[in-house]
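Results of the structural survey
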Amino acid sequence: MSNPVTIIMVEDDEGHARLIERNIRRSGVNNEIVPFTDGTSAVNYLFGKDGTGSARKGQPLLVLLDLNLPDMTGIDILRRIKENSYLKSTPVVVLTTTDDSQEIKRCYELGCNVYITKPVNYESFANAIRQLGLFFSVIKVPEAAS
């Protein structure tokens, strides 16, 4: 039996983080959500003490990633994940306010799996996250490389 997918949420806006978690739960997804409000903490968790990423070996992960973080960019985190032999197959969903076409293109070129622009309107944002939760409930996620 496979391990349940752990959702890594990298979101510096605590209001957005609560809204994201609440609406993912409303869509029926009960997976563990590990929240981070800055890139450094998320990178330390993902790559472990030795920095290799082997700490997550065999653990199925899904990363929800904001691009605008206080200490580093989500682009930097995305690049590191996709260049790492243990983590490169980890699905990364970019969830950000940035809707610049060049930024979107760059994220896909670096290997993001889904790019979602956060709607400004509260109800639209909540609805988008519920739909994302439904998506999470049906996708298959590989385990981190062994």
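Here's a quick rundown of the structure. Everything numeric here is computed off the predicted structure, so don't read it as measured data.

**Digging into the packing of helix α3 (residues 74–83) against helix α4 (residues 101–110)**
A pair of packed helices is characterised by two quantities: the angle between their axes and the separation of those axes. In contact at an axis separation of 9 Å, α3 and α4 are set at 20° when each is read in the N-to-C sense. As summarised for this structure, α3 and α4 are arranged roughly parallel, according to the angle between their axes. In this structure, α3 crosses over α4, and the sense of that crossing is left-handed. Residues I75, L78, R79 and K82 of α3 form the contact with α4, whose own contacting residues are E103, R106, C107 and L110.

**Observations concerning the packing of helix α1 (residues 14–26) against helix α5 (residues 122–138)**
Across the interface, α1 lies against α5 with an axial gap of 8 Å and an inter-helix angle of 50°. The angle between α1 and α5 falls in the class oblique. Remark: the crossing between α1 and α5 carries right-handed chirality. Residues H16, L19, I20, R22, N23, I24 and R26 of α1 form the contact with α5, whose own contacting residues are Y122, F125, A126, I129, R130 and F136. Across the contact of α1 with α5, the residue classes tally to 8 nonpolar, 2 polar and 3 charged.

**Some points on the pairing of strand β3 (residues 61–65)**
With 5 of 5 residues buried, β3 is to be regarded as a mostly interior element. The alternating pattern of β3 places L61, V63 and L65 on one face and L62 and L64 on the opposite face, and all of these are buried. Bridging between strand β1 (residues 6–10) and β3 involves 5 bridges; their strand directions are parallel. Paired with M9 across the two strands is L64, which belongs to β3. Both β3 and strand β4 (residues 92–96) contribute to a ladder of 3 bridges, which runs parallel. Directly across from L65, in β4, lies its bridge partner V94. A crossover links β3 with its parallel partner β4, the connecting element being α3, and its sense is right-handed.

Criteria and cut-off values
Residues numbered from 1 in each chain as written. Predicted model: local features only at pLDDT ≥ 70, side-chain atom pairs only at ≥ 80, totals over all residues. Heavy atoms only, no water. Axes fitted to C-alpha atoms, helices over the stretch in contact; angles between N-to-C directions. Helix = DSSP H or I, 4+ residues; strand = E, 2+ residues; numbered from the N terminus. Parallel < 35°, antiparallel > 145°, perpendicular 65-115°, else oblique. Left-handed = near helix turned anticlockwise from the far one by under 90°. Contact = heavy atoms within 4.5 Å. Nonpolar A, V, L, I, M, F, W, Y, C, P; charged D, E, K, R; others polar. Buried < 20%, exposed > 50% of the residue type's maximum accessible area, 1.4 Å probe, protein only. Pairing = 2+ DSSP bridges. Right-handed = clockwise from strand over helix to strand, strands pointing away.

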